[in-house]
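Reading the structure
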Amino acid sequence: MHVLALVTQKGGSGKSTLSVGLAVAAMQSAERVALVEADAQGTISKWKARRENPYPCVERATDPAEIEPLLARLSAEGVWLAIIDTAATTNSLAMRVIACADLCLIPARPSPADIEAAIPTLIAIRRLNRRFAFVLNQTPTRGCRLSEAATSLSSIGALALPFIAQRNDHQDALGAGLGVTEFAPAGRASDEIGSLWGWIAGHLEELDDHGKGTLKEAC
Ligand SMILES: Nc1ncnc2c1ncn2[C@@H]1O[C@H](COP(=O)(O)OP(=O)(O)O)[C@@H](O)[C@H]1O
Ligand SMILES: [Mg+2]
């Protein structure tokens, strides 16, 4: 089973929105997916309560000690991908999630303040020897601020592609209990999330090819 964690201590960067969007996109490409909510705010549970489709399943974790047994159970149940949404903090629960992740995605809006706010999370990820990639989220659909942000993130480490633009479909999908690829399949937001899922799936496959033994030791 692969474990993808959405992490950054910066609130409002898009961890929950991307968790949901990516989980549904992965599910639509025939993967067995579970969403794990490690955030007392409950955005994922509330989304799930509005959702008619019983999949993906949503599990909650409130204590760091719950993470490993939960992931072991999901793996034993045949789940191929667990996506963990975390709170906007570097608390012990978020640290445990990072330690168990094959890949940490750090969403950031394209502003210096937002990118700076992600640095403590990045330091924690590096200390735990995890793989990571930034995702530029809520990017303007036009304007030139983007390339500056992309350049500064590329210089720190991997930058997942494509950028995810600021689009109403993300908010409307969340409100409707849907993934954005279900809500408006022909829309640009759907297209971007589908492509981002493709980027992530490629990286997870690379991990399969090269093995993840040394990384797993931290968990
Ligand atoms: N790409 C996007 N386009 C439009 N709205 C977005 C996008 N990403 C996130 N949002 C909105 O921004 C707000 C914060 O996103 P959220 O996923 O809750 O952030 P976090 O979980 O990191 O605190 C929510 O209202 C969400 O719907
Ligand atoms: Mg959230």
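Residues numbered from 1 in each chain as written. Chains lettered and ligands numbered in written order. Predicted model: local features only at pLDDT ≥ 70, side-chain atom pairs only at ≥ 80, totals over all residues. Heavy atoms only, no water.

Going by an unreviewed UniProt entry, the protein chain carries the name Chromosome partitioning protein ParA and comes from Bradyrhizobium manausense.

Re the site of ligand 1
Ligand 1 sits among 15 residues. The nearest are Gly12, Lys15, Thr17, Asn137 and Gln171. A distance of 2.9 Å separates a nitrogen atom of ligand 1 from a polar atom in the backbone of alanine 165. Across the complex, the protein chains shield 82% of the 560 Å² of accessible surface that ligand 1 would expose by itself. Here the element with the most residues in the shell around ligand 1 is helix α1 (residues 15-28); it accounts for three residues. In the shell around ligand 1, the residues fall into two nonpolar, eleven polar and two charged. (Near = heavy atom within 4 Å. Polar contact = N/O pair within 3.5 Å; in protein donor to acceptor, adjacent residues only side chain to side chain. Areas by Shrake-Rupley, 256 points an atom, 1.4 Å probe, with all protein chains shown as cover. Helix = DSSP H or I, 4+ residues; strand = E, 2+ residues; numbered from the N terminus. Nonpolar A, V, L, I, M, F, W, Y, C, P; charged D, E, K, R; others polar.)

Notes on the pattern of salt bridges
All chains considered together, the criterion is met by seven salt bridges. Notably, a salt bridge pairs glutamate 77 with arginine 73, separated by 3.1 Å at the nearest N-O pair. The salt bridge partner of glutamate 192 is arginine 167, with a shortest N-O separation of 2.8 Å. Separated by 25 residues along the polypeptide, glutamate 192 in helix α10 (residues 188-210) and arginine 167 in the loop between β7 (164-165) and α8 (168-175) bring together distant segments of the chain. Like arginine 167, glutamate 192 is buried. (Salt bridge = Lys/Arg side-chain N within 4 Å of Asp/Glu carboxyl O. Buried < 20%, exposed > 50% of the residue type's maximum accessible area, 1.4 Å probe, protein only.)

A closer look at the side chain of threonine 8
Inspection of the secondary structure assignment puts threonine 8 in the loop between β1 (2-6) and α1. For threonine 8, a relative accessible area of 2% gives the class buried. When residues no more than four places from it in sequence are discounted, the contact partners of threonine 8 are Ser13, Lys15, Thr86, Ala87, Ala88, Thr89, Ile106, Pro107, Ala117, Ala118 and Thr121. (Contact = heavy atoms within 4.5 Å.)

So, α10
Here α10 contains 23 residues, and its C-alpha end-to-end distance of 33 Å stays within 8% of the 33 Å for a straight helix at 1.5 Å per residue. Among the residues of α10, those classed as buried are Ala189, Ser190, Glu192, Ile193, Leu196, Trp197, Trp199, Ile200, Ala201, Leu204 and Leu207. (Expected span 1.5 Å × (residues − 1).)

What about unusual backbone geometry?
Of note, the amide linkage connecting tyrosine 55 to proline 56 takes the cis form, showing an omega dihedral of 0 degrees. Looking at the secondary structure, you find proline 56 in the loop between α2 (43-49) and β3 (57-60). With omega at 0 degrees, the peptide bond leading from leucine 161 into proline 162 counts as cis. If you trace the backbone, proline 162 turns up in the loop between α7 (145-156) and β7. One non-glycine residue with positive phi stands out, namely alanine 30, at about 70 degrees.

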